[in-house]
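Below, each chain spelled out in residue letters.
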Amino acid sequence: MRGRCNGGTRSMGLHIGIDLGTSGIKAVLIRDLSQVVATAARPVAVSRPHVGWSEQDPDLWVETVFACLDELAATAPAEMAAVRGIGLSGQMLAALVLDADLRPLRPAMLWNDQRAIAECAELLARVPDIGRRTNGTPDPGITAPKLMWLARHEPRLMERARMLMLTKDYVRLALTGEVATEPSDAGGTQLLDCRTGRWDPALCEAVGWDAAHLPPVLDSWAEAGRVRPDLLARWGMAGPVAVAAGAGDNMGSTLGAGGARAGDAVLTVGTSGVACIVDAAFHPGPERAILTSAHVVPDVFLSMGVVMSATASLDWVGQMTGRKVPDLDAEATGWVAAKGPADAPLFLPCLSGIRTPLNRPDLLGRMSGLHPGVTPAMLAYAAMEGVAFQFADCLAAQDAVGARAERFTVVGGGTRSRLWLRLLATAIGKPIGLIDGADMAGPRGAARLAAVAAGGDVALLRETVPARQTVAPDPALGAALEARRAAFDALV
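Note that the structure is a prediction, hence the values are computed from the model and not measured.

Brief notes about the sheet that holds strand E16 (residues 291-294)
Backbone hydrogen bonds are what pair the strands of a sheet, in a parallel or an antiparallel way. Across the sheet, 7 strands lie side by side as E16-E17-E15-E14-E20-E21-E22; this open sheet has mixed pairing. The strands lining the two open edges of the sheet, one partner per strand, are E16 and strand E22 (469-471). Each strand of the sheet is rotated relative to its neighbour by a mean of 30 degrees, with strand direction disregarded. Sheet topology note: the strand E15 (residues 273-279)/strand E17 (residues 301-307) ladder contains 7 bridges and is antiparallel. Paired with Ala275 across the two strands is Gly305, which belongs to E17. Seen against the sheet, helix H11 (residues 249-256) touches strand E14 (264-269), E15, E16, E17 and strand E20 (407-411) and runs at an angle of roughly 110 degrees to E17. In the packing of helix H15 (residues 418-428) onto the sheet, contacts are made with E14, E20, strand E21 (432-434) and E22, and the angle to E21 comes to roughly 155 degrees.

Given below as structure tokens:
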């Protein structure tokens, strides 16, 4: 399916974009893809029953999305009545298995679940070239090894499995009653040939999953169903309301930040961090644990270097010190201005392992250089610095395999910290652009897909998003980082 042409690149009307993050869900109601009418956000709990495990109740995704839409309907009832389309982006790599009635058999295993380490080695032995055919080298966070783990440890449950579902696709099922997925998110399963965008029967056989138990793959911008009549009534929508096939979260955020042309790079500083580079060709980098999937814009791919714990690292410092993150940021900013970073500890922020470029899911976080004068502000600085170093490592690895960044934009919750932005720009040695609503890039990208699904021209996906501010590398901070870099590398 392709986007329909309405005679121009601008689609007038009201659309909703929803982003299903790991720790929270955001929804935005947008007029003409530019004016935010209303927003809603709710947290989502993560269950960690054992060290290295990370799960969520999929029905909680649905309940939270519906609660966000209830809030939008209460805030802007007239605008909700005129909504034409809904788009979804969502956390990737989950393993959610459904029974014959399309009900979950167990909680979803999330992207940062680490239990399937042994299965990664087995899968690589079965398919040595898997990293050249799929989104990357086997990793416990990716869906396929999780399916193998479930088959080994929960075989009776897996005998009842009849459908594999990804996060945003399960919510779309609840909205429309239709089963579908699209290449950007499906590329994270390692059951899809990322170059062709089709399910690969040989990969399914290697993993032990029945290819008949996979959803149809549509274009990301295609209409994948319409909101059910009972839900139209619940939210006061006149209808019909098209629901787009949608996007993986990294692709949705990249699109929402204007990343659509080869060379565009969007750094997402969220719970995890991702360096997303739009690439005109498929440049896999499994030897450096780079993920490469289809983008949600026609004819381009997205190369992704992953920092497993970005804002999660600063959140952890807050938990350990009893400080709120905004306070830590303010204290760290003041401390760096007054003292400089030389006396700060060094922090390797791999609380959930390292993906790019080392593929070390077993590696744990490390702190070096503790002394009696260390303060919470210094610990916060060390966390932000460590994440900035890891972003630089990702970009260097991507450049080495041919995915080259030319223009940089930064999005995600970490953009609230001016210090972190300076650190990122300085660590990568390039200016980075900050857009309006940077922390809403995911739902904005999803809304753009909704506009095409509802009848807009596919050219809408290629529209740029201007930066409202550019953060340049800081030469003085750069000298300090250069002096600390070798000691940071020695922590690995």
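With respect to the pairing of E15
A regular strand places its side chains so that they alternate between the two faces of the sheet. Burial runs high along E15: 7 of the 7 residues are buried. Where burial is concerned, the two faces of E15 agree: the one with Gly273, Ala275, Ile277 and Asp279 and the one with Val274, Cys276 and Val278 are both buried. Here E14 pairs with E15 via 5 bridges, running antiparallel. When the bridges of E15 are listed, Val266 appears paired with Cys276. What sits between E14 and E15 in their antiparallel hairpin is a turn of 3 residues.

Considerations on the confidence of the model for the chain
The pLDDT averaged across the chain works out to 94; a share of 98% of its residues lies at or above 70. Within the model, the stretch residues 1-11 combines pLDDT values under 50 with 39 contacts to residues more than four positions away or in other chains.

Let's talk about the pattern of salt bridges
In total, this model carries 33 salt bridges according to the counting rule given. Across the pair Arg115 and Glu55 runs a salt bridge, and its minimum N-O distance is 2.8 Å. Of this pair, Arg115 sits in the loop between strand E7 (108-109) and helix H3 (117-126) while Glu55 sits in strand E4 (residues 55-56); the two residues are 60 residues apart in sequence, bridging distant segments of the chain. For the pair Arg115 and Glu55, a shared accessibility class is recorded, and that class is buried. Of the charged contacts in the structure, one is a salt bridge between Arg422 and Asp474, with a shortest N-O distance of 3.0 Å. On the criterion of sequence distance, the pair formed by Arg422 in helix H15 and Asp474 in the loop between E22 and helix H17 (475-489) is long-range, its members being 52 residues apart. Residue Asp474 is classed as partly exposed on the basis of its relative accessible area, which comes to 22%. Salt bridges linked by common partners bring Glu55, Arg106, Asp113, Arg115 and Glu154 together as one network.

How each quantity is defined
Residues numbered from 1 in each chain as written. Predicted model: local features only at pLDDT ≥ 70, side-chain atom pairs only at ≥ 80, totals over all residues. Heavy atoms only, no water. Pairing = 2+ DSSP bridges. Helix = DSSP H or I, 4+ residues; strand = E, 2+ residues; numbered from the N terminus. Axes fitted to C-alpha atoms, helices over the stretch in contact; angles between N-to-C directions. Contact = heavy atoms within 4.5 Å. Buried < 20%, exposed > 50% of the residue type's maximum accessible area, 1.4 Å probe, protein only. pLDDT = per-residue confidence, 0-100. Salt bridge = Lys/Arg side-chain N within 4 Å of Asp/Glu carboxyl O.

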